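Residue strings, one per chain:
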Amino acid sequence: MSFPSIVTLDIGGTKINAGRYVNGVIEESHSFEFRASASSEDIEDFIIHCIDTFFIHSTVGIAIGVPCIVDTQLGVVYDAVNIPAWKEFALKQRLERHYNIEVYINNDVNCFTVGEHLFGAGKGYNDIIGLCLGTGVGSGFVIQNQLYQGHNCSAGEVGEIGYLNSTIDDYCSGRFFELQFGINGAQLAQSARAGDKEAIDAFEQFGQHLSHAISHLLLVVDPQVIIIGGSVAKSFDLFIKGVWNGLAAFPYQKLVSNLVIAPSSLSDSALLGAAQLHLASKR
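Keep in mind the model is a prediction, meaning the values are calculated, not measured. (Residues numbered from 1 in each chain as written. Predicted model: local features only at pLDDT ≥ 70, side-chain atom pairs only at ≥ 80, totals over all residues. Heavy atoms only, no water.)

A. Region of interest: helix H6 (residues 185-193). Along H6, the residues that are buried comprise Gly185, Leu188, Ala189 and Ala192. The buried residues of H6 all sit within an arc of 105° when viewed along its axis, so they share a single face. Along H6, exposed side chains directed more than 90 degrees from the buried face belong to Ala186 and Gln190. Two or three places before Ala186, at the start of H6, stands the capping residue Asn184, its side-chain oxygen 3.1 Å from that residue's backbone nitrogen. Phi turns positive, to about 100°, at Gly195, one or two residues after H6. (Buried < 20%, exposed > 50% of the residue type's maximum accessible area, 1.4 Å probe, protein only. Helix = DSSP H or I, 4+ residues; strand = E, 2+ residues; numbered from the N terminus. Arc of directions from axis to C-beta. Polar contact = N/O pair within 3.5 Å; in protein donor to acceptor, adjacent residues only side chain to side chain.)

B. Here's a closer look at the nonpolar core. Residues Leu131, Leu210, Ile228, Phe239 and Ile261 are the most contacted members of the largest nonpolar core, which totals 41 residues. Leave out the neighbours within four places in its chain, and Leu131 touches Phe112, Val137, Gly138, Ser139, Val158, Leu210, Ile214, Leu217, Ile226, Ile227, Ile228 and Gly229. (Core = buried A, V, L, I, M, F, W, Y, C linked by side-chain atoms within 4.5 Å. Contact = heavy atoms within 4.5 Å.)

C. Geometry of unusual backbone geometry. The residue Asn100 is not glycine, and still its phi comes out positive at about 60°. Here Asn100 is to be found in the loop between helix H2 (91-99) and strand S8 (102-107). Positive phi values are uncommon outside glycine, yet Cys153 reaches one of about 60°.

D. Expanded view of the sheet that holds strand S5 (residues 69-71). A sheet is described by the order of its strands in space; here three strands give the open sequence S5-S6-S7, paired in antiparallel fashion. Taken across any chain shown, the strands that pair with only one partner, and hence form the sheet edges, are S5 and strand S7 (88-89). The pairing of S5 with strand S6 (residues 76-78) spans three bridges and is antiparallel. Among the inter-strand pairings, Ile69 is bridged to a residue of S6, identified as Tyr78. (Pairing = 2+ DSSP bridges.)

E. Inspection of the pairing of strand S9 (residues 128-133) at higher detail. In terms of burial, S9 is largely enclosed, as six of its six residues are buried. Residue alternation in S9 divides its side chains into two sets, Ile128, Gly130 and Cys132 and Ile129, Leu131 and Leu133, and both sets are buried. In this sheet, strand S10 (residues 137-143) lies alongside S9 in antiparallel orientation, the contact comprising six bridges. Its bridge partner being in S10, Cys132 is matched across the sheet by Gly138. In this antiparallel pair of consecutive strands, S9 and S10, the connection spans three residues. Two strands pair when backbone bridges link them, and S9 and strand S14 (residues 225-229) are joined in this way by five bridges, in the parallel orientation. The residue bridging Cys132 from the neighbouring strand is Gly229, located in S14.

F. Structural context of the pattern of salt bridges. Enumeration over the complete set of coordinates arrives at nine salt bridges. Here Glu28 makes a salt bridge to Arg20, at a shortest N to O gap of 3.3 Å. For Lys282, the salt bridge goes to Glu102, with nearest N and O atoms at 3.0 Å. Of this pair, Lys282 sits in the segment after helix H10 (269-281) while Glu102 sits in strand S8, placing them 180 residues apart in sequence. Glu102 sits in the partly exposed class, given a relative accessible area of 31%. One salt-bridge network, in which partners are shared between bridges, spans Arg20, Glu27 and Glu28. (Salt bridge = Lys/Arg side-chain N within 4 Å of Asp/Glu carboxyl O.)

This is the structure:
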């Protein structure tokens, strides 16, 4: 028996994850290096290339998570911090004209959070936060088993909150290691795991900064679980102690004692979530 398929994309600041969703699973996926500073035309062409890689005769839809605010009805993306060409870009309209099938677009972290809620570390919880740490920082909310995205699909954009001399983005994403230590987080993680004290201390500092972002989220949402995703989540074991140390200063310790913070255990959470949101939009 042949099932319909959905091509699903997770667009980030440095890469695009793409795959094919069939009957509740990501059948195949691949990560493409992405030049986010390109023109809107070049970005559109590259997205089409990623979609074409997984487009087959049974494809009935395309679902995309994007790192910015979205009009989910019109599929227009706005003010992508890490994609300068996307100030206002009618992505849904352009792709539907090209493929002549339905396209669904939502925020990338919303897609991640829904994927974790249905298939990953958030399964079985009613109230969860998905917190993605990559090129920037973003969060998504599932409240009483429903995605909450706000009036403009901007709920959870915690990275833009002012913090110290900049924003949370500069202290709780991969930028932190580049800006403060002049090295990328993956290289620093190797040193930390080899016992380098300065590298270990760097991740302790990162965890302390991240606890500040989490404090904001706890005061707004009061979740059961926070699930950490994104490229920096690969170093979860190195920074989680710093997070808990930072949360020791949180004013409501009962809330902290009931909180679970866990890393994502799925590689394709956002792809799964985007496909599920696409399917839900058709009901």
